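# Residue-level structural notes
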Amino acid sequence: MSDKEIDRFDVKVDQERIREKDRDTLKVIESVFDFQTSMLIVKLMNKGIIKDIGFCISTGKEANVYHGVGYKGEELAIKIYRTTTAEFKRNWMYVEGDPRFKGYKKGTYSFIYTWARKEYKNLKRMNSAKIRVPVPIIVEKNVLVMEFIGKKERAAPLIREVNLRKPHKIYAQVIDFFFKLHEDATMVHADLSEYNILFYQKKPIFIDVSQAVLLGHPYAPVFLYRDIANINRYFGSLRVDVIPNKELYEQITGTVPSPKIMSMEF
Ligand SMILES: Nc1ncnc2c1ncn2[C@@H]1O[C@H](COP(=O)(O)OP(=O)(O)OP(=O)(O)O)[C@@H](O)[C@H]1O
Ligand SMILES: [Mg+2]
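It should be emphasised that the depicted structure is a prediction, and the values quoted were computed from it without experimental measurement.

### A few points about the site of ligand 1
- Taken together, 19 residues sit near ligand 1, with Lys 61, Lys 79, Glu 147, Ile 149 and Asp 208 positioned nearest.
- For ligand 1, a nitrogen atom lies 2.9 Å from a polar atom in the backbone of Glu 147.
- For ligand 1, an oxygen atom lies 3.3 Å from a polar atom in the side chain of Asn 196.
- For ligand 1, whose accessible area on its own is 610 Å², the fraction buried by protein is 87%.
- At the level of secondary structure, the elements contributing two or more residues to the shell around ligand 1 comprise strand S1 (52–59), strand S2 (63–69), strand S3 (75–81) and strand S5 (143–147).
- Taken together, the residues that form the shell around ligand 1 break down as 11 nonpolar, three polar and five charged.
- Looking at which domains feed residues into the shell around ligand 1, each of domain 1 (8–154) and domain 2 (155–262) supplies at least three.

### Focus: the coordination of the magnesium ion (ligand 2)
- Protein-derived coordination of the magnesium ion (ligand 2) comes from Asn 196 (OD1) and Asp 208 (OD), at a distance range of 2.1 to 2.3 Å. One end of the pair, Asn 196, is in the loop between strand S8 (187–188) and strand S9 (197–200); the other, Asp 208, is in the loop between strand S10 (203–206) and strand S11 (213–214), with 12 residues separating them in the sequence.

### Here's the deal with the pairing of S5
- Of all five residues in S5, four are buried; the element is thus mostly enclosed.
- In terms of strand pairing, S3 meets S5 through five bridges, oriented antiparallel. Following the sheet pairing, Lys 79 is matched in S5 by Leu 144.
- With four bridges connecting them, strand S4 (residues 136–140) and S5 associate as antiparallel partners. Within S5, the residue paired with Ile 138 across the bridge is Val 145.

### Points about the sheet that holds S2
- Taken in spatial order, the five strands line up as S1-S2-S3-S5-S4 in an open sheet, and their pairing is antiparallel. Each edge of the sheet is formed by a strand with only one pairing partner; in this case those strands are S1 and S4. Ignoring which end each strand starts from, the neighbouring axes of this sheet average 25 degrees apart.
- Direction of pairing for S1 relative to S2: antiparallel, over a ladder of five bridges. The residue of S2 that forms the bridge with Thr 59 is Asn 64.

### Digging into the packing of helix H6 (residues 167–183) against helix H8 (residues 245–253)
- Here H6 crosses H8 at 45 degrees, and the two axes come no closer than 9 Å. Classified by the interaxial angle, the pair formed by H6 and H8 is oblique. Where H6 crosses over H8, the handedness of that crossing is right-handed. Seen from H6, the contacting residues are Tyr 171, Ile 175, Phe 178, Phe 179 and His 182; seen from H8, they are Leu 248, Gln 251, Ile 252 and Thr 253.
- Of the residues assigned to the contact of H6 with H8, the class counts are six nonpolar, three polar and no charged.

### Observations regarding helix H3 (residues 35–46)
- For H3, spanning 12 residues, the distance from its first C-alpha to its last is 16 Å, which sits close to the expected 16 Å at 1.5 Å a residue.
- For H3, every residue scored as buried is listed here: Thr 37, Ser 38, Leu 40, Ile 41, Leu 44 and Met 45. All buried residues of H3 project into a common sector of 160 degrees when viewed along the axis, lining one side. For H3, the exposed residues set more than 90 degrees away from the buried face come down to Phe 35 and Asn 46.
- The N-cap residue of H3 is Asp 34: its side-chain oxygen and the backbone nitrogen of Gln 36 are 3.1 Å apart.
- Count one or two residues on from H3 and you reach Gly 48, which has phi positive near 80 degrees.

### Section: unusual backbone geometry
- The backbone of Lys 130 shows a phi angle near 60 degrees, a positive value even though the residue is not glycine.
- Relative to the helices and strands, Lys 130 is located in the loop between helix H5 (108–128) and S4.
- One non-glycine residue, Ala 190, adopts positive backbone phi at about 75 degrees.
- Along the polypeptide, Ala 190 turns up in the loop between S8 and S9.

Cut-off values and rules
- Residues numbered from 1 in each chain as written.
- Chains lettered and ligands numbered in written order.
- Predicted model: local features only at pLDDT ≥ 70, side-chain atom pairs only at ≥ 80, totals over all residues.
- Heavy atoms only, no water.
- Near = heavy atom within 4 Å.
- Polar contact = N/O pair within 3.5 Å; in protein donor to acceptor, adjacent residues only side chain to side chain.
- Areas by Shrake-Rupley, 256 points an atom, 1.4 Å probe, with all protein chains shown as cover.
- Helix = DSSP H or I, 4+ residues; strand = E, 2+ residues; numbered from the N terminus.
- Nonpolar A, V, L, I, M, F, W, Y, C, P; charged D, E, K, R; others polar.
- Domains from an automatic or database assignment.
- Donors = N, O, S within 2.8 Å, 3.2 Å for Na, K, Ca; no water.
- Buried < 20%, exposed > 50% of the residue type's maximum accessible area, 1.4 Å probe, protein only.
- Pairing = 2+ DSSP bridges.
- Axes fitted to C-alpha atoms, helices over the stretch in contact; angles between N-to-C directions.
- Parallel < 35°, antiparallel > 145°, perpendicular 65-115°, else oblique.
- Left-handed = near helix turned anticlockwise from the far one by under 90°.
- Contact = heavy atoms within 4.5 Å.
- Expected span 1.5 Å × (residues − 1).
- Arc of directions from axis to C-beta.

In short, the description is geometric, and any link to function would need to be established separately.
Pasting the structure below:
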C-alpha cells in the first residue's frame, strides 16, 4: 500500500468508527472533548448551528479540526483550540499591537478565546474582501465553526500534498492573494506557507489565519516579507520562475524593504 492509500484507509476506518458512534452523538462528544468544550458544542447544537460532529480532520499544534454537519445538511469544519498548550505563549506578539484587541484580558483561557475570536474576525474581514478563505459561521469561546472546504467528508488537501500540474498558475493566484490581502483587507497573513493553503476545485484556499495582523501592526512588514520568502521558496522548489522576494515586496507595498525587514528578525 502506498502512503496515500494508507492515509485513505485510515480516514475510512476513522469515519466508520465515528459513524458507529454517531448513533449517540453526545457519547462521542463526551469521550473526545473536555467538559467545557462538550458544553459549548451542545450549546451550538441547541442554537441550531451544529447537528452532528464527526471525525477529526486534523490534530495540530494549537487546535484540532473536526468534521461536522449543520441542520441544512451542509458540511462544517469545527476548529477547537486546545485550552492547554504552551504554544500559545509565543502568540502574544500577534495580538499585542492589534487595536482590535486592545482590551483583552491576560490569563490563559481568555487569551485562547481571544485567539479564536481573532481567527473568526480575520476570516470575516478576508471574506468581505472576497479573498478565498473558509466562510466563518460562529465563534464561541475556543470553538470556531466555519465552512468545510471539501466534499462528502473528504477535506481538501494542502497544496503540498497535491501534484500541481500547473504550479505557475497556482503561484499567480497566491500572488493575487498577497495583493488583495494587502490592498482590500489591509492585512498580512503572517504564517503563510504550503502548510496553510488548501487546494480545492483547482484553486488555492487560504486557512489558519488566527495570527494574521492588520497593516498597522509593528511587525507587519517583517511578517509580509517572511510570507513572501516562504511562498517563493516553495514555488521555487517546484521550478516556478518566482518574482524575487524584494521585488515582490516592493510591488505589493510600493516601498523598498529595509535590511532589517529582509533579515526577517524582530
Ligand atoms: N475549513 C476547513 N475545511 C477543511 N479542512 C480544514 C479547514 N480548516 C482546517 N482544515 C484542516 O485542518 C488542518 C489544520 O487547520 P489549521 O491549519 O487551521 O489549524 P492549526 O492548529 O494551525 O494546525 P497546524 O498546527 O497543523 O498548523 C488543515 O491543514 C486542514 O487540513
Ligand atoms: Mg496550520
